[in-house]
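# Coordinate analysis (summary)
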Amino acid sequence: SQQGEEDPQALSIQEGENATMNCSYKTSINNLQWYRQNSGRGLVHLILIRSNEREKHSGRLRVTLDTSKKSSSLLITASRAADTASYFCATRKGSGGGADGLTFGKGTHLIIQP
Amino acid sequence: DTAVSQTPKYLVTQMGNDKSIKCEQNLGHDTMYWYKQDSKKFLKIMFSYNNKELIINETVPNRFSPKSPDKAHLNLHINSLELGDSAVYFCASSQSGVAGQPQHFGDGTRLSIL
């Protein structure tokens, strides 16, 4: 089964509006991360929320985590054209700081209409 | 300066050939990764490696092999390329020892098998 599934798969909004993306996961986690991928580029880390946190802010980003529902949401406020990208949530199989990789969801493709 | 760099950016080759993709990071990280992103943008961990251990995703065919000449490099060798190997391959790095360290990604190598 796949860890980390985002919805919606695609989202198109007007510039200035808020965009909300959701992520669900299946196993226990220590933390959950969100990444952005611009077209033709690698992933860029946006924000990390730990399992004992419920909400975290960074600039125009707000992330929530509900461990009882195994879900997280990413809110981008006052969207800009430059926010057009794919957004992925990611979790990690291991519980420590070891060398295991991230498990990504399928991503939400966000389009900001000017 | 580019933190994680991959070469080549594009690779077009015939089925059955053997090819290598190079990755270098200048972040001083001790752990490096290879991910595969398919045509539907689904990202999957292939390998993670530091100077202590190599963790291989069990679904990766043994035609794929990572080779690390030193801590700053993790190259990916692929033997007997198949049509299904067409994808974008991303290298990433992070620092182990602390759970939740973000991963830094290269811009990917787009592999097309003819």
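Use the structure listed above.
Attention in this report is confined to the structure presented alongside it. Quantities reported herein were computed from a predicted structural model and do not represent experimental measurements. (Residues numbered from 1 in each chain as written. Chains lettered and ligands numbered in written order. Predicted model: local features only at pLDDT ≥ 70, side-chain atom pairs only at ≥ 80, totals over all residues. Heavy atoms only, no water.)

## Considerations on the packing of aromatic side chains
In this structure the tally under the stated criterion is 8 aromatic pairs over all chains. Ring plane angle 70° and centroid distance 6.1 Å describe the contact between Phe 104 of chain A and Phe 105 of chain B, whose orientation is recorded as edge-to-face. Taken together, the residues span two chains, with Phe 104 of chain A in strand β10 (residues 102-104) and Phe 105 of chain B in strand β10 (residues 104-105). Accessibility classification places Phe 104 of chain A together with Phe 105 of chain B in one group, the buried group. (Phe/Tyr/Trp six-rings, centres within 6.5 Å; stacked < 30°, edge-to-face > 60°. Helix = DSSP H or I, 4+ residues; strand = E, 2+ residues; numbered from the N terminus. Buried < 20%, exposed > 50% of the residue type's maximum accessible area, 1.4 Å probe, protein only.)

## A word on the pairing of strand β9 (residues 85-92) of chain A
Residues and elements named next belong to chain A. In terms of burial, β9 is a largely internal element, 8 of the 8 residues being buried. Inspection of the sheet shows strand β4 (residues 31-37) paired to β9 by 5 bridges, in the antiparallel sense. Opposite Gln 37, over in β9, you have Ser 86 as the bridge partner. In the sheet, β9 pairs with strand β11 (residues 108-113) via 3 bridges, with the strands oriented antiparallel. Across the sheet, Ser 86 pairs through a bridge with His 109, a residue of β11. Across 3 bridges, β9 lies against β10 in antiparallel orientation. Its bridge partner being in β10, Arg 92 is matched across the sheet by Leu 102. (Pairing = 2+ DSSP bridges.)

## Some words on the nonpolar core
The biggest cluster of nonpolar side chains holds 22 residues, and the ones touching the most others in it are Leu 32, Trp 34, Leu 74, Ile 76, Tyr 87 and Leu 110 of chain A. For this core, the elements supplying multiple residues, two or more each, are β2 (10-14), β3 (19-24), β4, β5 (43-50), β7 (61-66), β8 (71-76), β9 and β11 of chain A. Within the second largest apolar cluster, 19 residues are counted, among which are Val 4, Trp 34, Leu 81 and Ala 87 of chain B. (Core = buried A, V, L, I, M, F, W, Y, C linked by side-chain atoms within 4.5 Å.)

## Things to note about the sheet that holds strand β7 (residues 64-67) of chain B
Residues and elements named next belong to chain B. Read from one edge of the open sheet, 4 strands run β1-β3-β8-β7, paired in antiparallel fashion. Each end of this open sheet is capped by a strand with a single partner; those strands are β1 (4-7) and β7. The average angle at which neighbouring strand axes cross in this sheet is 20°, direction not considered. Summarising the sheet, β7 and strand β8 (residues 75-78) pair through 4 bridges and their orientation is antiparallel. Pairing of Pro 66 across the sheet is with Leu 76, part of β8. (Axes fitted to C-alpha atoms, helices over the stretch in contact; angles between N-to-C directions.)

## Looking at the environment of Gly 84 of chain B
Following the sequence through the fold, Gly 84 of chain B ends up in the loop between β8 and β9 (87-94). Along the sequence, Gly 84 of chain B and Ser 112 of chain B sit 28 residues apart, while their C-alpha atoms lie 9.3 Å from each other.

## Notes on the environment of Asp 66 of chain A
Take Asp 66 of chain A: it is sitting in strand β7. Reaching out from Asp 66 of chain A, the side chain makes a polar contact with the side chain of Ser 68 of chain A at a distance of 2.5 Å. (Polar contact = N/O pair within 3.5 Å; in protein donor to acceptor, adjacent residues only side chain to side chain.)

## Some remarks on the pattern of salt bridges
Residue and element names in this part refer to chain B. For the coordinates displayed, the defined rule picks out 5 salt bridges over all chains. In this structure, the salt-bridge partner of Glu 82 is Arg 63, at a minimum N-O distance of 3.5 Å. On the criterion of sequence distance, the pair formed by Glu 82 in the loop between β8 and β9 and Arg 63 in the loop between β6 (54-56) and β7 is long-range, its members being 19 residues apart. Owing to a relative accessible area of 41%, Glu 82 belongs among the partly exposed residues under this scheme. Residue Arg 63 is classed as buried on the basis of its relative accessible area, which comes to 14%. Sharing partners across several salt bridges, the network here consists of Arg 63, Glu 82 and Asp 85. (Salt bridge = Lys/Arg side-chain N within 4 Å of Asp/Glu carboxyl O.)

## Remarks on the state of the cysteines
Enumeration according to the criterion identifies 2 disulfides over all chains in this entry. The residue that forms a disulfide with Cys 23 of chain A is Cys 89 of chain A, at a sulfur-sulfur distance of 2.0 Å. Between Cys 23 of chain A and Cys 89 of chain A, the disulfide has an S-S torsion of 65° and is therefore right-handed. Note that Cys 23 of chain A is positioned in strand β3 and Cys 89 of chain A in strand β9, a separation of 66 residues in sequence. By relative accessible area, Cys 23 of chain A is classed as buried at 2%. Across the disulfide, Cys 23 of chain B is cross-linked to Cys 91 of chain B (sulfur-sulfur distance 1.9 Å). Since a negative S-S torsion denotes a left-handed disulfide, the Cys 23 of chain B-Cys 91 of chain B link at about -80° is left-handed. You can see Cys 23 of chain B sitting in strand β3 (residues 19-25) and its partner Cys 91 of chain B sitting in strand β9, a full 68 residues away along the chain. Of the two residues, Cys 23 of chain B and Cys 91 of chain B, neither departs from the other in class, the shared state being buried. (Disulfide = S-S within 2.5 Å.)

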